[in-house]
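Observations on the three-dimensional arrangement
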Amino acid sequence: MNNWRDKLYRFMQGRYGRIDELGRFLMYLLFGLLLVSFFVRSSIFSLLILLVLIYDYYRILSKDISARYQENQHYIQAREKVRTKWNKLTGSHRDSTHRIYKCPTCGQKVRVPKGKGKISIHCPNCNCNFIKRT
Ligand SMILES: [Zn+2]
């Protein structure tokens, strides 16, 4: 056991190393791919796993810290975009002050404030009113 720690320390010095958001995502991705590869016997998954693994280690061992940092920022921005799109798609945005009701007559979505008790909601599309508890 002669100074392998020192060697490792010297090797890692000045390298990016730390696991950031993108690194964590890559880890999850790797884990997911591994799981899928148990069920789906396809060489594509093995190749994907290898590519992700290489990219992950490339980032960890990289000495270009600012480039890795930029990558991570891009990833975070892209993730936020996907998240907003997904929320819009599923209509499950975290709005705790409002609720969305569908007009029973025409199906128009109407946004109403939460916590007002039983209220009559006016649909701007077909001009009907319906009662809901908010
Ligand atoms: Zn309506």
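In this text the structure is predicted, and so the values were computed from the model without any measurement.

Scanning the protein chain from N- to C-terminus turns up 4 helices and 4 strands. The secondary structure elements of the protein chain, listed N-terminal to C-terminal, are α-α-α-α-β-β-β-β. The C-alpha atoms of the protein chain give a radius of gyration of 25 Å, which is well past the 14 Å a tight globule of 134 residues would have. Principal-axis analysis of the C-alpha atoms gives the protein chain an extent of 80 × 35 × 25 Å. When each of the 134 residues of the protein chain is scored for burial, the buried share is 20%. Long-range pairs, those at least 24 residues apart, make up 37% of the contacts in the protein chain between residues at least 6 apart in sequence. For the protein chain, the exposed area adds up to about 10600 Å²; of that, 59% sits on carbon and sulfur atoms. Charged side chains in the protein chain number 25 positive and 8 negative. The centres of these two groups are separated by 13 Å.

Moving on to the packing of helix α3 (residues 43–61) against helix α4 (residues 65–90). Two elements in contact, α3 and α4, have axes whose closest approach is 9 Å; the angle formed by their N-to-C orientations is 130°. If you check the angle between α3 and α4, you find them oblique. In this structure, α3 uses Tyr55, Tyr58 and Arg59 to contact α4, whose residues at the interface are Arg68, Glu71 and Asn72. Across the contact of α3 with α4, the residue classes tally to 2 nonpolar, 1 polar and 3 charged.

Criteria and thresholds
- Residues numbered from 1 in each chain as written.
- Predicted model: local features only at pLDDT ≥ 70, side-chain atom pairs only at ≥ 80, totals over all residues.
- Heavy atoms only, no water.
- Helix = DSSP H or I, 4+ residues; strand = E, 2+ residues; numbered from the N terminus.
- Rg over C-alpha atoms; globule rule 2.2 N^0.38 Å.
- Buried < 20%, exposed > 50% of the residue type's maximum accessible area, 1.4 Å probe, protein only.
- Contact = heavy atoms within 4.5 Å.
- Areas by Shrake-Rupley, 256 points an atom, 1.4 Å probe, with all protein chains shown as cover.
- Lys, Arg positive; Asp, Glu negative; His and termini not counted.
- Charge placed at Lys NZ, Arg CZ, Asp CG, Glu CD.
- Axes fitted to C-alpha atoms, helices over the stretch in contact; angles between N-to-C directions.
- Parallel < 35°, antiparallel > 145°, perpendicular 65-115°, else oblique.
- Nonpolar A, V, L, I, M, F, W, Y, C, P; charged D, E, K, R; others polar.

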